[in-house]
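Working through the structure, step by step
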Amino acid sequence: MLSIRNLGKSFLCPESREVLHDVSLEVARGEYIAIMGESGIGKSTLLNLIAGLEMPDHGSIRLDGCELVGLDDNRLTRLRRQKMGFVFQAFHLLPYLTVSQNIALPLALNDVSERDASERVSSLLASIGLAGRGGSPVRELSGGEMQRVAIARALAHRPQLILADEPTGNLDPVSASHVQALLRDQVRQGNAAGILVTHSPAAAATTDRIYVLNPEGLFPRDAA
Amino acid sequence: MNRLAIMKAVTGPVGDHPGRIFMSLLGIALGVALGVSIHLVNRAAVGEFSQAVRNVSGQADLTVQGPATGMNEAIYPYLANMPEVALASPVLEVEAKLPGRSETLRLLGVDIFRASRLLPLAIENGDGNPAAASMLDPQAVFLSASAAQWLGVRPGDNLTLQAGLAPVQLRLAGILPQESYRQRLGVMDIGAAQWRFLSLGRISRVDLRLGNGVPVDTFRRKLAASLPPGVEAIKPAAAGERAASLSRAYRVNLNVLAMVALFTGAFLVFTTQAMTVLRRRAQIALLRVLGVTRSTLSWLLLAQGAAIGAVGAALGIVLGYLVAFHGLRHFGADLGGGYFHNVAQATIAAPGSLAVFFALGICAAMLGALAPAIESARTPPAQALKPGDRERALARAGITWPGLALLVLGAALTPLPPVAGLPLFGYLSIALMLLGTVLLMPALAARSFGWLPAFRSVPLQIARAQLHGAPGRAAISMGAIVVSFSLMVAMAIMVGSFRHSVEHWLEEILPADLYLRAAQRVETAFINPETQTLIRQTPGIRQADFLRSSDLLLRPGAAPVTLIARPLMGRTISEILPLTETGAARVSGDPPPAWISEAVADLYGYRTGQRIELPIGGAQVEFTVAGIWRDYARQSGAIAIDRALYIQLTADWRADSAALWLESGISADAVTALLRERIPNGAWLDIAQPGKIRAISLEIFDRSFAVTYILEAVAVLIGLLGVSSSFGSEALARRNEFGMLRHIGMSRRQIGAMFGLEGAMISTLGALVGLLLGWLIALILILVVNRQSFHWSMELYPPWQLLFGLSASLILAASFTAVLAGRHAMSCDPVHAVREDW
Amino acid sequence: MRRALSWLVILAMLWPRTFVQAEIVLPHDAGSHPDLRTEWWYVTGWLHAEDGRNFGFQITFFRSRNEESAENPSRFAPHQIILAHAAISDPSIGRLLGDQRAARAGFGLAEALEGKTDVWIDNWSLRQSGDGYTLSLPARDFRLALDFKPAQTPLLHGPGGLSRKGAGADASSHYYSLPQLAASGTLTHQDNSFSVTGTAWLDHEWSDSYLEQDAVGWDWTGLNLADGGALMLFRIRARNGSVRWAGGTYRKPDGTLTWFKPVDIRFTPLRHWRSPRNGTRYPVAWRINAGTLEFELEPMMDDQENDARATTGTIYWEGAVRAMEAGQEIGRGYLELTGYWRPLQL
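Residues numbered from 1 in each chain as written. Chains lettered and ligands numbered in written order. Predicted model: local features only at pLDDT ≥ 70, side-chain atom pairs only at ≥ 80, totals over all residues.

Now for the overall build of chain C. Within chain C one finds one helix and 23 strands. Going through the 346 residues of chain C one by one, you find that 53% of them count as buried. Taking all contacts inside chain C whose residues are at least 6 apart in sequence as the whole, residues at least 24 apart take part in 59%. (Helix = DSSP H or I, 4+ residues; strand = E, 2+ residues; numbered from the N terminus. Buried ≥ 20, exposed ≤ 12 C-beta atoms within 10 Å, placed from the backbone. Contact = placed C-beta atoms within 7 Å.)

As structure tokens, this is what we get:
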């Protein structure tokens, strides 16, 4: 599904520094993995490279057999729109939209018909436990609820790859475990590949496999 | 944490939004500058005028002033013999026509023996000796240095002036002391002036010094009762005030512009502060948590507004000085308005009233800063620290009743009469309507954008949702647009209507084929009866109407009304005068008819059918008001009566202009040439075809409004720049949203389009509201402000093309700036954007 | 100040002479002669208040015909100019209190009537009334209200009242005086009103021509002698300092009349006073010889300089004097010194 080979990335600013060194990773459909590592080690950079928001110095990223490295911004944008879903630490819901509208955003971007979209949104609302609250403004939600909406948005267009960057970092332990479980279940249900970047061992524990990123590369925790 | 540090935390470094602060400064500066320069120019003009009055009236306690055509000289011994009068000095004022020039020279005929006791005239021959002897020389004239320079003459030179259509030779006997006679004028013997300028038996005024202990006001009242009609006793200072009141109405227009600029400035301060407070909401809340009190916070924010105001006002005062200085040098004291005749360049003294303008600038800025200061201090800090709270802050602005109340109040103020001749309630009403509309903007934005249909296109959909869901932000940008655009629209409609009305009026008032006049506003040039016959008998002329203009003083202290005597009996009046109202048919036994201009109707309360008394020929003569006509030429008012009756009353056969109708097939040019040939000194006659007069009049109109247009354009430009800067900070504030949208698959172009669409929707609604409000303000300007200032009505002629052009360019410009702002915001990469929490 | 009419005099000299030799006929000639160029009525004298204080006074009304405006039909045309000077000498003040006025004749506000003496500018007037004269003169710093009663017949200066002013036959004026006038009335100044009596001298002189080209000024005195006699003496000074002309009239108490020739008269300066205001040096004390008469003139006070630049354009000295003979006062009158500040021909 996702195949990363010998990925390397250096930043020139503020000082020349190699962030990723020879990273390789395979994630299969339906597989949910976690990436852990110290702060500043390059976890988010790896995620951005996968999302096509940054370009690697060398190496290759293949999504569903399609090489990402070297594509132009338009192609990458379309790939993100159709095949990827994102969950952020700060939720990043649009405050002036309702819960349903926020969730429907990727569907609208992918030209899904309104009828299909509303069906999909109500099923997602039910699955995240917010059935009937689709018309609420997002600012009336609690933090946990917001992140659940964000997860629903990330899954709405049935992406093949879900990228989550510290999705529970802003949440209390109860909400966090709820969100972690939801994310895992949704990845599995959607038969997608999922990558969770986190510091939290508890969160990582909900995934199928755990990798650790260090200066030498990306290694399974068992191996490290 | 010291105060400075708190300040920094609240407002952020200035570098955060230098453009926006600069715009606010500029708005305030422009408003203050306009106010200051209008004030200074007017001060210079009035000062110059008072100085002139002092020079020619000296230390007189009272001036007995006759109409412009003068009064019988018998009043002079009558006044001189009154026991209360210590000294009476007679003066004959002559606006002498200069042959071959359109300008005139003001000549004062004085009795040197009397005048020199009222004022140290210090006229010297040049050898240090008093010039009394040469003052008596009937050829001698003494000119001020500016007049001599203007005419290019030196002492000993001859000078030719015009009386009737004949030349008058004078000799420049000396120069008046420059320090007290700055304006262009000449002094000569009163006897010689009467004789040579064909004014035997007439004097213009008598300056009086009263005996010791005679109370001036008591005596003035006593005297007023015994003066003949049309003659009044005034204090010399009042003459200067009257001159000021003449230009006051002209200043109204410029003052509106100053108001526009100040309002725009205040609004820019508001947007600056509102955006700052929004962006720094969390920091501010943090400060509150850390223990900064509510009032400290409010004061800090107000102080920042005040600081902007102070810098802007200081800048404005300097700018105003420069504008006034250069304006005076290049345009004269009326900035091209033509009100201060013969006023030379004036030096500007430093007035204490600049402090008022300084304060006004600060107040405007603080007013702008007030709402954000109060709002941000009020917010519970815990709430402000929650994400997504920005919208809550703005949601509060959605209440509608204060805005509606202000609009209603503004409308209710419009029927109120002027205060001291100034349309203060009109101004207040405009200000209230502006404020009311701005307050209504959030609610309006929410509703209007809610009505828009749901769009298929995602950028459009998000843009609509953003505007509908967060109307507070849109309202700030829209407010800036509405404020500057509505005032621009109002001015455009008003000036457009005025110009159209003047154009139409010029057609109505100039029905003849050819016009002829001896000179413009001059008493010394006229067409005598022989010349009138000569003109009538000129081949090719079918009909010649001769006109005589003179001044009538209808109320002491008021500016004189122009009396126009012209053939009216047996004519269709509506073909001669642009009537706006006609009285009932005349009943036999009624006094003779008089047609009054709108200004006379407004100023003196005359109505059609009313019987009025006019002081003509030294007696009160009764007339019936037969109709009211529109007159854009004389804002102090004009009254038209039949010339035959005028001659019967005054035995004044002279005319100063004529309207000529030609035989069909005769060319105006041929008749013009023939007239110049037949009439002695015919070259001195001003002969023009109506088309040329119309063209010249409109050119003068455009010139006097040119300053208005330029200043308006600058004010609007600043308003637009303010809008663009508000889009800019809006885009910056939404950087993380843009970042997220990039993550979930929106392209740069889509986001740019989305933000551009928002700009377009905001500016479209802003322009629509601006048009509507501008229309309302234009109505107030036309029906209240102008009517009360100038006393003339005008038809409403909106310049549609201009308005649509302006709206389209506004929307385009705003959308374009929005796209630019959005693009600028996206230039930082989405990766970092999503990480930014606040 | 009657002869210091600089510009009027200049005007007078620029015009062709139209001098008419005619004898003075009184009372008609007491009035104005508007056809002639210059004319003046001039009253000087000593006044005594009840408290013993002495004052000198001098008032003059001038009339000047202005040919320039002859054709002007305006009622304001300055055909005739009326000027007036007034001054009092009060030794307790030490300088003159003066005032002056000028006006064009007309509108009844300033006139000089024909047929009898009646001349005025606003509320300043000198009028013949009954057998005497009435003066009303509210000036800036003082007010004079005086009646004058003639005690003697008019004194004609020359045959028929024609007074020669130069060697040329046409340099002359019509000139008569009323000496030994009994003056009474009030003088108000410094908030005090004095009832005064005294002896005055009235001159009335009119002419088409007066000064000759090279004359720079003159010295003149008119004295009421204690014995009832009257003496008028003048001399005209030339630019080179020499005496251009001199003349005078002496009437003894018994009526015997003497008209002096130029050679009969000698003015010798005894003492000078310099004006602190403009530095002009005036001979204020004199020895006078006229025929057999010899006496000295002593001023009431030295500073009796009169600044009349505002009306007649000159500064001159005109003051009350005593005539002294061997330390004995023999008469009182006025002395006029002109042309010392600047020559009158400018």
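Contact with chain A, which involves 22 residues of that partner, is made by 20 residues of chain B. Elements that contribute at least two residues to the side of chain A that touches chain B include exactly α1 (43-51), α2 (73-83) and α3 (99-109) of chain A. A total of five residues in the side of chain A that touches chain B trace back to one element, the largest contributor, which is α3(A). Considered class by class, the residues forming the side of chain A that touches chain B number 13 nonpolar, five polar and four charged. (Nonpolar A, V, L, I, M, F, W, Y, C, P; charged D, E, K, R; others polar.)

Before going further, it helps to examine the packing of helix α15 (residues 401-413) of chain B against helix α16 (residues 424-451) of chain B. Residues and elements named next belong to chain B. Direction vectors running N to C along α15 and α16 enclose 160°, while the axes themselves pass 7 Å from each other. Considering the angle they form, α15 stands roughly antiparallel to α16. Judged by the twist between their axes, the crossing of α15 over α16 is left-handed. Residues P402, G403, L404, L406, L407, L409, G410 and L413 of α15 pack against F425, L428, S429, L432, M433, L435, G436, T437, L439 and L440 of α16. Looking at side-chain class alone, the contact of α15 with α16 contains 13 nonpolar, five polar and no charged residues. (Axes fitted to C-alpha atoms, helices over the stretch in contact; angles between N-to-C directions. Parallel < 35°, antiparallel > 145°, perpendicular 65-115°, else oblique. Left-handed = near helix turned anticlockwise from the far one by under 90°.)

This part takes up the sheet that holds strand β6 (residues 84-87) of chain A. All names here are of chain A. Spatially, the six strands line up as an open sheet ordered β6-β7-β8-β3-β9-β10, and their pairing is mixed. Edge positions in the open sheet fall to β6 and β10 (217-220), since each of these has one partner strand only. Taking each pair of neighbouring strands and ignoring which way they run, the sheet shows an average axis angle of 20°. Relative to strand β7 (residues 161-165), β6 runs parallel, the two being bridged by four bridges. Bridge pairing links G85 to I162 in β7. (Pairing = 2+ DSSP bridges.)

A:I151, A:L163, B:A445, B:A594, B:I639 and B:I777 are the most contacted members of the largest nonpolar core, which has 244 residues in total. It is helix α18 (residues 471-509) of chain B that provides the largest number of residues to this core, a total of 22 residues. Every residue in contact with A:I151, bar those within four places of it in the chain, is listed here: A:V87, A:I128, A:V179, A:L182, A:L183 and A:Q186. One finds B:A173, C:A139, C:W286 and C:V321 within the second-largest nonpolar core, a separate group that totals 141 residues. (Core = buried A, V, L, I, M, F, W, Y, C linked by C-beta atoms within 7 Å.)

All names here are of chain C. Burial along strand β9 (residues 142-149) is one-sided: the face carrying F142, L144, L146 and F148 is buried and the face carrying R143, A145, D147 and K149 is not. Inspection of the sheet shows strand β8 (residues 132-138) paired to β9 by six bridges, in the antiparallel sense. Note that in β9 the partner of P138 across the bridge is R143. Linking two consecutive strands that pair antiparallel, namely β8 and β9, is a turn of three residues. In terms of strand pairing, β9 meets strand β12 (residues 172-189) through eight bridges, oriented antiparallel. Each residue of the ladder has a partner; that of F142, found in β12, is H189.

For the rest of this paragraph, the subject is the packing of α3(A) against helix α4 (residues 114-127) of chain A. Helices that pack against each other are described as a pair by the angle of their axes relative to one another and the distance between those axes. All names here are of chain A. Running from amino to carboxyl end, α3 crosses α4 at an angle of 130°, the nearest separation of the two axes being 10 Å. Classified by the angle their axes make, α3 and α4 are oblique. Relative to α4, the crossing made by α3 is right-handed. Residues S100, I103, A104, L107 and A108 of α3 lie in contact with α4, whose contacting residues are A117, R120, V121 and L124. Here the residues of the contact of α3 with α4 are counted per class, giving seven nonpolar, one polar and one charged.

Let us now look at the interface of chain B and chain C. Listed per partner, the contact involves 19 residues of chain B and 19 residues of chain C. Elements that contribute at least two residues to the side of chain B that touches chain C include exactly α3 (75-80) and α7 (190-196) of chain B. No other element matches α7(B), which puts five residues into the side of chain B that touches chain C. Classifying every residue of the side of chain B that touches chain C by side-chain character gives 12 nonpolar, three polar and four charged.

Time to look at the pairing of strand β20 (residues 657-662) of chain B. Residue and element names in this part refer to chain B. Bridge count between strand β12 (residues 514-517) and β20: four bridges; the pairing is antiparallel. When the bridges of β20 are listed, Y515 appears paired with A659. As judged from the six bridges shared by strand β13 (residues 541-552) and β20, these two strands associate in the antiparallel manner. In the strand pairing of β20, D545 is matched with A659.

A separate point is the confidence of the model for chain B. Residue and element names in this part refer to chain B. With 82% of its residues at a pLDDT of at least 70, chain B reaches an overall mean of 79. For residues 124-130, every residue scores under 50 in pLDDT, and the model assigns this stretch 12 contacts once sequence neighbours within four places are set aside. Below pLDDT 50 for its whole length, residues 333-347 participates in 50 contacts with residues either more than four positions away or in separate chains. (pLDDT = per-residue confidence, 0-100.)

Our focus in this paragraph is the sheet that holds strand β5 (residues 66-67) of chain A. Residues and elements named next belong to chain A. Read across the sheet, four strands follow the order β2-β1-β4-β5 without closing on themselves; strand pairing throughout is antiparallel. Strands at the two margins of the open sheet, each flanked by one partner only, are β2 (17-27) and β5. Taken together, the five bridges between strand β1 (residues 2-11) and strand β4 (residues 58-63) define a ladder with antiparallel strand orientation. For I4, the partnering residue across the bridge sits in β4 and is I61. The strands touched by α1 within the sheet are β1, β2 and β4, with β2 carrying the most contacts at an inclination of about 60°.

Before going further, it helps to examine the environment of B:S497. All names here are of chain B. With respect to the helices and strands, the residue S497 is situated in helix α18. Since 21 C-beta atoms lie within 10 Å of it, S497 is described here as buried. A C-alpha to C-alpha distance of 7.6 Å links S497 and P799, two positions 302 residues apart in sequence. If sequence neighbours within four positions are ignored, S497 has contacts with I782, M794, E795, L796 and Y797.

A separate point is the environment of C:A151. All names here are of chain C. Turning to its location among the elements, A151 is positioned in the loop between β9 and β10 (155-156). For A151, a count of 13 C-beta atoms within 10 Å gives the class partly exposed. Residues A151 and A182 lie 31 residues apart in sequence; the distance between their C-alpha atoms is 6.9 Å. Beyond its immediate chain neighbours, meaning those up to four positions away, A151 contacts Q180, L181 and A182.

Let's shift gears to helix α12 (residues 354-378) of chain B. A rise of 1.5 Å per residue sets the reference length of α12(B), with its 25 residues, at 36 Å; its end C-alpha atoms lie 36 Å apart and thus fit the reference within 8%. When the local axis directions of α12(B) are compared, the greatest deviation, roughly 35°, occurs at B:A369, which is followed within four positions by the proline B:P372. (Expected span 1.5 Å × (residues − 1). Bend = angle between axes of the 7 residues up to and from the residue.)

Below, the discussion takes up the confidence of the model for chain C. Residues and elements named next belong to chain C. In the predicted model, chain C carries a mean pLDDT of 88, and 92% of its residues have values of at least 70. Looking at the elements of chain C, mean pLDDT is at its lowest for helix α1 (residues 6-14), recorded as 45, and at its highest for β9, recorded as 96. Between residues 1-19, whose pLDDT stays under 50, and residues either more than four places distant or in other chains, the model counts 52 contacts. This prediction of the complex comes with two scores: 0.66 for pTM and 0.86 for ipTM.

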